[in-house]
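# Notes for the structure review
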Amino acid sequence: MIEQQGKFDWMLRDLYDGVPGIEMIVVLSADGLRIARYSGDPDAADRVAAACAGLQSLAGAVAQEIPTSDGGMKMVIIEMNGGYFYLMAAGPNAYLAVLSDVRCEPGRMSLSMADLVARIGPHLTSPARRNGQTV
């Protein structure tokens, strides 16, 4: 679990600096709690993290309808007016979310996020929680 955001700022900053157009990066737990963020407003990062919990659940439910799928969600990309939203599984019970403007090229972002997850995925984990307690 990321306990000290400062310890991982440089990793998130590396993604931020490497891909033009990123507005905000959020690392979150499967239950929608913000673990870390880079750039953007802290309150907005909390809202994004909460929304991501529902989105990853929805993506997992849809994945179960694909006969060859194991039901796991790897990545969700949403194109919106004015930008993109990316959500990628980053480790057990952890996800990496990025909001970007239209300058961001989705293929480049996907590869950059996958590279970040491959390098630090084991550090971007969050233990499962039940009733507010770690299990």
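Right above here is the structure, for reference.
The structure displayed is predicted, hence computed values, not measured ones. (Residues numbered from 1 in each chain as written. Predicted model: local features only at pLDDT ≥ 70, side-chain atom pairs only at ≥ 80, totals over all residues. Heavy atoms only, no water.)

Okay, the overall build of the protein chain next. A tally of helices and strands in the protein chain yields 3 helices and 7 strands. Going from the N terminus to the C terminus, the protein chain shows its helices and strands as α-β-β-α-β-β-β-α-β-β. Burial status across the protein chain gives 43% buried among its 135 residues. Long-range contacts, defined as pairs at least 24 residues apart, comprise 50% of the intrachain contacts of the protein chain with a sequence gap of at least 6. Put simply, the protein chain shows about 7400 Å² of open surface, and 52% of that area lies on carbon and sulfur atoms. (Helix = DSSP H or I, 4+ residues; strand = E, 2+ residues; numbered from the N terminus. Buried < 20%, exposed > 50% of the residue type's maximum accessible area, 1.4 Å probe, protein only. Contact = heavy atoms within 4.5 Å. Areas by Shrake-Rupley, 256 points an atom, 1.4 Å probe, with all protein chains shown as cover.)

Here we come to helix H3 (residues 106-120). Its 15 residues give H3 an end-to-end C-alpha distance of 21 Å, which sits within 8% of 21 Å, the value for a rise of 1.5 Å per residue. If you check which residues of H3 are buried, you get Met 109, Ser 110, Met 113, Leu 116, Val 117 and Ile 120. Looking down the long axis of H3, one finds its buried residues gathered within 130° of arc, a one-sided arrangement. Opposite the packed face of H3, turned more than 90 degrees from it, sit the exposed residues Leu 111 and Ala 118. The opening residue of H3 is Glu 105, an N-cap whose side-chain oxygen sits 3.1 Å from the backbone nitrogen of Gly 107. (Expected span 1.5 Å × (residues − 1). Arc of directions from axis to C-beta. Polar contact = N/O pair within 3.5 Å; in protein donor to acceptor, adjacent residues only side chain to side chain.)

Here the focus is the sheet that holds strand E5 (residues 94-101). Taking strand neighbours across the sheet as the criterion, the 5 strands line up as E2-E1-E5-E4-E3 in an open arrangement whose pairing is antiparallel. Here the strands that pair on one side only, and so sit at the sheet edges, are strand E2 (34-38) and strand E3 (75-80). Between one strand axis and the next, the sheet turns by 15° as a mean value, whatever way the strands run. As paired elements, strand E1 (residues 22-29) and E5 share 7 bridges and run antiparallel to each other. By the bridge assignment for E5, Ser 29 is matched with Ala 94. Sitting on the sheet, helix H2 (residues 42-63) touches E1, E2, E3, strand E4 (83-91) and E5, and the angle it makes with E1 is about 60°. The sheet strands contacting H3 are E1, E3, E4 and E5, and the helix crosses E4 at an angle near 25°. (Pairing = 2+ DSSP bridges. Axes fitted to C-alpha atoms, helices over the stretch in contact; angles between N-to-C directions.)

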